Amino acid sequence: LETTSAAALDQLSVVPSGVSVALARELLGDLSTVEVAEQMGMLEVRPDAIAFRHELARRAVEGSLPVVARLGLNARVLAALLATQDPDPSRVVHHAVEAGDDAAVVAHAPSAAAMANRAGAHAQEVEFYEHALRRRHLLAARDQAAVLQACALALFVLNRPAAALEAGTA
């Protein structure tokens, strides 16, 4: 692969489940940079999205990146998502975690958790709360208490009473 195509693959590899064409244009500028990868069968390009044809290939490309590169590529995705109107909080949190942007994690994890709760995805809800709680030093005491209380309830729903009691006590 030529350098620009390889760089495009690197950028797309940090986005699980594919990239909307609008986000791809924001990240890559010129979509012709993925043409070679599409011809080689690595990417599937549709009018609405670009995705790796195989998840294992995406993970292999992502896994081959140095950590510093992954941090930067995720930061670019995070910035692009935050620049859109009404971004998906779960995607924002994913890229914030992967970019090492603790402030963005804390800012968006509670809304991602609430969205997961509404969908009945309580395990994912707890994951989002745990992301926020790992960075609890950035939360005001009131917000920390609210996250712990919501986490305790989600853990109770998941029938994890010991963990729920621990969160509730905290």
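For the structure itself, consult the block above.
Novice: I tried to follow the sheet that holds strand β2 (residues 43–45) on my own but got confused; where do I start?
Specialist: Pairing between the strands of a sheet is mediated by backbone hydrogen bonds and can be parallel or antiparallel. As summarised here, the arrangement of the 3 strands in space is β1-β3-β2, forming an open sheet in which the pairing is antiparallel. At either margin of the open sheet sits one strand with a lone partner, and together these are β1 (19–20) and β2. The pairing of β2 with strand β3 (residues 49–52) spans 3 bridges and is antiparallel. Within β3, the position partnered with L43 by the bridge is F52.

Novice: What is the right way to read helix α5 (residues 67–82) from this model?
Specialist: Owing to its 3.6 residues per turn, the α-helix aligns residues three or four sequence positions apart on the same side. With 16 residues, α5 should reach 22 Å at 1.5 Å per residue; the first-to-last C-alpha distance of 22 Å fits that figure. Taken residue by residue, α5 has L73, N74, V77, L78, A80 and L81 as its buried positions. End-on view of α5: buried residues confined to an arc of 165 degrees, all on one side of the axis. Contacts made by the buried residues of α5 are with α1 (3–13), α2 (21–28), α6 (89–99) and α7 (102–118).

Novice: Would you mind going over the nonpolar core with me for this structure?
Specialist: Among soluble globular proteins, nonpolar side chains are generally buried collectively. Formed by 46 residues in total, the largest nonpolar core has its most connected members in L12, L23, V34, L43 and V77. Among all residues touching L12, those that are not within four sequence positions of it are V19, L28, V34, L43, I50 and F52.

Novice: Looking at this structure, I do not really get the pattern of salt bridges. What am I missing?
Specialist: Side chains that differ in sign of charge can pair as their charged atoms come close. Within this structure, the stated rule accounts for 6 salt bridges. With a shortest N-O distance of 3.9 Å, E44 and R46 are connected by a salt bridge. Judged by relative accessible area, which is 32%, E44 ranks as partly exposed. E62 serves as the salt-bridge partner of R58, at 3.1 Å between the closest nitrogen and oxygen. Residue R58 and its partner E62 are both found in helix α4 (residues 55–64); the two are separated by 4 residues, about one turn of the helix. E62 matches R58 in its accessibility class, with the two residues each being buried. Each of E55, R58, R59 and E62 takes part in a single network of salt bridges with overlapping partners.

Criteria and thresholds
Residues numbered from 1 in each chain as written. Predicted model: local features only at pLDDT ≥ 70, side-chain atom pairs only at ≥ 80, totals over all residues. Heavy atoms only, no water. Pairing = 2+ DSSP bridges. Helix = DSSP H or I, 4+ residues; strand = E, 2+ residues; numbered from the N terminus. Expected span 1.5 Å × (residues − 1). Buried < 20%, exposed > 50% of the residue type's maximum accessible area, 1.4 Å probe, protein only. Arc of directions from axis to C-beta. Contact = heavy atoms within 4.5 Å. Core = buried A, V, L, I, M, F, W, Y, C linked by side-chain atoms within 4.5 Å. Salt bridge = Lys/Arg side-chain N within 4 Å of Asp/Glu carboxyl O.

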